[in-house]
Structure formats: C-alpha cells, structure tokens
Amino acid sequence: IYDIYTEKAVREKLKWDEGEDKETAIKVLKTRNEMNVLCYIGELEKDFDSNQRFQREINKNLKIDRLMENVKDEDPAFSQWIYDTFAEGMFLFWDKETKSYGCSNCGAQIHEKKLDKPKNGEKRICPECGQETIVQKRRKKIDTAIRICKLERPDHKFGIERSFKAKIRYDKSGHEVYLDEEIRILLYQRGCEEKTYTVFYNQDGDTYSWYTGIKRSNWYTTNPKNKRIGECFLYPEEIKESLKNTKYEKLTNAFIELSRKKISLNYNNALVTGGKISEFGTMLEYLAKGRFYKLIREEINYCCVQGNKYWGCMNLEGETIEEVMGIRDKQKINRIREENGGKIMLKWIRYSEKHNVKIPKKTMDFLEKHYLISLREIESLPGDISSRMSIEQIVNYIQKQAEKNYGTPENAFNTWADYLYMCQALNKSLNDELFYKPKDLKKRHEGNLQIGEKMAS
C-alpha cells in the first residue's frame, strides 16, 4: 500500500472522507503523517493474517494430539510376541573379563566351567532357562530387523493401522525389542467422517517450526522423511475390533487367517483396495483359507493404491474358490496350492483345463522360472505351432536349442520365433516338423537371413 501511495497519480485520487479522519488515524496509530498511516494499516493486516495462520496451525496440532492420546506407546504383550515369533535363536555371548557367558534368552551369567569350555558355534543348554543356545565367542551382539503392522481400536470413532520397524537385539545381558513407529493411519468408522482414512507420519521429534516458532505434534500429515509402508507381518490381536464398522470390515477374516500363518504381505495395499472394492476382501478370504500364499502376495501387488483399482487375474464376483480362480477341476486347484504356484502357474493351469492337456511339473517349473516365455507369446507363434506341439514339447525344444547354441531359453525362443516369422514371410510351409522344428535352428535361421538379404538386394 505504501509503495502505491507514493505514486503521485494514485495519491491524488485517494481522499479522506472527512478531514478529521486523517487526524484521528494519525493520532490513534501514533504515526507522523498520512503516508505512514497506510503503511501501518498494511502491517497490522499482515500481522492479523499471520496470527490467524498460526492459530490454525496450533489448533490442528491440538486436534492431532487429542486423536493420538489414547494410542499406547508401550505394549509389553506386543513386544513379547515379536520376540517369540521372530527371534532367530538364543545365544550365549562370551565375556572375556569375567570368563562367563551371558544368555540372550534369560540374561543369566554362566561361568565357562559349567558349560565345559565350549567352542564358537557349538550348541549348549542354558542351565538357568533350559533353552538350547548357540555359543558366540566372537560377536558381542546380534540384531534382527523386521517390519510389523498392528491394528488397534483406541477410539470408538476409528480403528488405527500402525506401521513399525522392529529390531531385536541379543547380547550378554539378555534381549531387547526396539520399536520405531513410522506411520499411523486412522480408519474411520462409517458415518464419523466424510473420508475413510487419514495418514499421519512420525516426525522423529523434528517438531520445531523455525519460521513460526510453533512446536507442532510429532504426528503430522506431511512426510518430509519419505516414509513408506511395504511388505510386513501382521500382529494377530485386535484385528476384528479395529476393522469393525469401517469400510475395511470385509478384510477381517482374511487378515486374521494370514496373521496367524505369519505371512508377510503389503497389508496396506490390501486395505486401500478392500476399502474401495468390497468384493476384494471376500476374494482374499478364499485365497487365504485355501493357503494360496504366493498368489495372494502377487495379487496384492496388482492393487493400484493411487487409483484404488485391482488389476489382478481373479474373479472378484466368484462365490466359490472354483469361480474365483476360474478353474473347474478341484485337483488342478489343489496342485496350485501344493506347488505354491503364482499368477503364471494359474494361467497355465487354466490353459491346460481349456485345451484338456497335461503340463508336467518339470515343464511348469520352467515356465514359472522363465516368465518371459509367456502363454501369449507361445500362442502367437506363426504356423499355429501351439496346436502342433504340446507345451512340454515346446519347452523341451527350447531347452535343447539353448544348451546347443543360445545360452538362455529366452534367446533360443526369440530366435525360433524369428525363424518361424521369416519362414512365413518367405512362403515356406510350416506344416512339416522338419521346417517348424529344425534340429539345427541356428543353421536354418542363418540360412533364412541370407535368403532375405538376397531378396532385398
């Protein structure tokens, strides 16, 4: 305002309503002249806006703190479950000064004479707790790191998903579980909020705002530390209570089953998708109870968190496991479970049922390992090769050519496909096995290349 007022053209147009107004303003604001009056009013308005912003920030911090006040920072049962479930073993750590061993399980200090002077790596029974331990004479401590997801119900209005980095430390004095909670997601009960969730990130104590002087909450909606939720294990307690009456309730049975089996998954992806697509939770329950763990992991990875979409290959409308997987034969479904098959195996099993062909385990293992040689690529080979050769014959042929000339099955398959396309372009018949399945693929392929070069010249 001051800069504008200094311009003569503007100043001439600005008039006080009454002459007294100018004197009153100068007197009240304690300024020297009318130009200072306008400048001072501008500063007052700026300060007012700043105070309003600061107050909104303070109110937001207070609201977050009220939301978090019922969330327990310490839970001995949770820490004990982590140790009981994920401890990599029990150890006896050597203390040279006292010539004794400290048990990582019970913390007892045992003189080496009681253990018959063991060597590093040997197993001994701790005389105090009776547990089998491994002697560690060279290492002073051992750390185990895992990711854990925990569901709670701290408030009747919402459940909460908590993401932890957990570390178990073993040393001569015993063991300790350290928890670093990174992310909290409030899962609102139906009708409590317009949105279904809010994400909060741990600020790691970095809560002082230097530009405002305000100390904000340790849980905030911004993510300056770039924290992420990935694959983790799920704590089996309070799942049902946490998801009850939320949009994520249909995931309850699947989560309970998966947590009991100690399956590591991206549970957050499943929550996001299940909250938008209710049938997803039912499908996940079928797979969880059927113990199709590799399929579950892959299907959850096909959940698009940003778009809240599911790009997997399961039938979400299915009412039985057969309908969900798109396979009628129960024995074929059992085979997927027994061989812990994933999406690739599922597609080939569907193919085998559709065409009434058998795919041996050795062939299936090859197809899962060399996933670039896919069903789509095989079916698109020219000359209707997939009807002339079984999948087992195709795989055997590719393997032989790879061992003979091409190093990898992928290279052999690509060369074979190129050879078949050239045969088609040169009007060579692919009805005869001598042409579509040559013993010396490299020689035939190079021959086609030479013919093509001559025709081009």
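To keep things clear, this report deals only with the structure shown in the data block. (Residues numbered from 1 in each chain as written. Predicted model: local features only at pLDDT ≥ 70, side-chain atom pairs only at ≥ 80, totals over all residues. Heavy atoms only, no water.)

### Looking at the packing of aromatic side chains
Thinking step 1. Enumeration according to the criterion identifies 14 aromatic pairs in this entry.
Thinking step 2. Centre to centre, the rings of tryptophan 94 and tyrosine 101 are 4.8 Å apart; their planes meet at 50°, and the pair counts as tilted.
Thinking step 3. Classification of tryptophan 94 as buried rests on a relative accessible area of 13%.
Thinking step 4. Owing to a relative accessible area of 0%, tyrosine 101 belongs among the buried residues under this scheme.
Thinking step 5. What links up through ring pairs into an aromatic cluster is the set Phe78, Trp81, Phe86, Phe164, Phe233 and Tyr235.
Thinking step 6. The ring of phenylalanine 435 has arginine 444 sitting right over it, with the charged end atom 5.8 Å from the ring centre. (Phe/Tyr/Trp six-rings, centres within 6.5 Å; stacked < 30°, edge-to-face > 60°. Buried < 20%, exposed > 50% of the residue type's maximum accessible area, 1.4 Å probe, protein only. Lys NZ or Arg CZ within 6 Å of the ring centre and 35° of its normal.)

### Topic: unusual backbone geometry
With the exception of glycine, the majority of residues adopt a negative phi angle, and the majority of peptide bonds are in the trans configuration.
Thinking step 1. If you check the backbone angles, aspartate 384 has positive phi at about 55° while not being a glycine.
Thinking step 2. Tracing the chain through its elements places aspartate 384 in the loop between α15 (375-379) and α16 (385-388).
Thinking step 3. Here aspartate 384 falls in the partly exposed class, since its relative accessible area comes to 47%.
Thinking step 4. At asparagine 427, a position not held by glycine, the phi torsion is positive, near 60°. (Helix = DSSP H or I, 4+ residues; strand = E, 2+ residues; numbered from the N terminus.)

### Regarding the pattern of salt bridges
Thinking step 1. Evaluated as defined, the whole model comprises 23 salt bridges.
Thinking step 2. A salt bridge links glutamate 152 to lysine 150; the nearest nitrogen and oxygen atoms lie 2.8 Å apart. Side by side, glutamate 152 and lysine 150 carry an identical accessibility label, which is buried.
Thinking step 3. Ionic pairing is found between glutamate 181 and arginine 184, a salt bridge with its closest N-O pair at 2.7 Å.
Thinking step 4. Taking the relative accessible area as the measure of exposure, arginine 184 reaches 2% and is therefore buried.
Thinking step 5. Linked by salt bridges that have partners in common, Asp73, Asp75, Lys150, Glu152, Arg162, Glu181 and Arg184 make up one network. (Salt bridge = Lys/Arg side-chain N within 4 Å of Asp/Glu carboxyl O.)

### Considerations on a negative patch on the surface
Thinking step 1. Negative charge collects at one region of the surface, where Asp17, Glu18, Glu20 and Asp21 lie side by side.
Thinking step 2. Checked against the element boundaries, aspartate 17 lands in the loop between α2 (8-13) and α3 (19-29). (Patch = residues over 30% accessible without salt bridge, like charges linked within 9 Å, V, L, I, M, F, W, Y side chains within 5 Å. Areas by Shrake-Rupley, 256 points an atom, 1.4 Å probe, with all protein chains shown as cover. Lys, Arg positive; Asp, Glu negative; His and termini not counted. Charge placed at Lys NZ, Arg CZ, Asp CG, Glu CD.)

### Details of the pairing of strand β8 (residues 174-188)
Thinking step 1. Two elements, strand β7 (residues 158-171) and β8, share 14 bridges in a ladder whose sense is antiparallel. The residue bridging aspartate 171 from the neighbouring strand is glycine 174, located in β8.
Thinking step 2. Linking two consecutive strands that pair antiparallel, namely β7 and β8, is a turn of 2 residues.
Thinking step 3. As paired strands, β8 and strand β9 (residues 197-202) are joined by 5 bridges and run antiparallel to one another. Along β9, the bridge assignment pairs leucine 187 with tyrosine 197. (Pairing = 2+ DSSP bridges.)

### Brief notes about helix α9 (residues 278-289)
Thinking step 1. The terminal C-alpha atoms of α9, which comprises 12 residues, lie 18 Å apart, in line with the 16 Å expected from a rise of 1.5 Å per residue.
Thinking step 2. Following α9 by one or two positions, arginine 291 has its phi on the positive side, about 65°. (Expected span 1.5 Å × (residues − 1).)

### Some points on the sheet that holds strand β6 (residues 141-155)
Thinking step 1. One open sheet holds the 6 strands; their spatial order is β12-β9-β8-β7-β6-β13, and the pairing between them is mixed. Either end of the sheet is taken by a strand with one partner, and the two such strands are β12 (219-220) and β13 (233-234).
Thinking step 2. Looking at chain direction, β6 and β7 are connected through 13 bridges and run antiparallel. By the bridge assignment, aspartate 143 is partnered in β7 with arginine 169.

### Description of the environment of phenylalanine 86
Thinking step 1. Counting through the fold element by element, phenylalanine 86 comes out in helix α5 (residues 76-86).
Thinking step 2. Accessibility expressed as a relative area gives 12% for phenylalanine 86, which makes it buried.
Thinking step 3. Put simply, phenylalanine 86 and tyrosine 397 are 311 residues apart on the chain and 45 Å apart in space, counted from C-alpha to C-alpha.
Thinking step 4. Contacts of phenylalanine 86, omitting those with residues within four sequence positions, involve Trp81, Thr144, Ile146, Ile148, Ile168, Tyr170 and Phe233. (Contact = heavy atoms within 4.5 Å.)

### Digging into the environment of leucine 441
Thinking step 1. As for its placement among the helices and strands, leucine 441 is situated in helix α20 (residues 441-456).
Thinking step 2. Given the relative accessible area of 0%, leucine 441 is considered buried.
Thinking step 3. For the pair leucine 441 and tyrosine 406, spaced 35 residues apart in sequence, the C-alpha separation works out to 10.0 Å.
Thinking step 4. With sequence-adjacent residues up to four places away left out, leucine 441 is seen in contact with Tyr397, Gln401, Tyr406, Ala412, Thr415, Trp416 and Tyr419.

### Quick look at the side chain of glutamate 112
Thinking step 1. Among the structural elements, glutamate 112 can be located in the loop between β3 (109-111) and β4 (123-125).
Thinking step 2. One buried charged residue, glutamate 112, forms no salt bridge at all, with the nearest opposite charge on lysine 99 at 5.1 Å.
Thinking step 3. With sequence-adjacent residues up to four places away left out, glutamate 112 is seen in contact with Trp94, Lys99, Ser100, Tyr101, Lys117 and Pro118.

### Some points on the sheet that holds strand β2 (residues 100-103)
Remark on secondary structure: sheet strands pair via backbone hydrogen bonds, oriented parallel or antiparallel.
Thinking step 1. Strand order in the open sheet formed by 5 strands is β3-β2-β1-β5-β4, with mixed pairing between adjacent strands. If you trace the sheet from one side to the other, it starts and ends with β3 and β4, each paired once. Within this sheet the neighbouring strands show an average axis-to-axis angle of 40°, counted without direction.
Thinking step 2. Both β2 and β3 contribute to a ladder of 3 bridges, which runs antiparallel. Within β3, the residue paired with serine 100 across the bridge is histidine 111. (Axes fitted to C-alpha atoms, helices over the stretch in contact; angles between N-to-C directions.)

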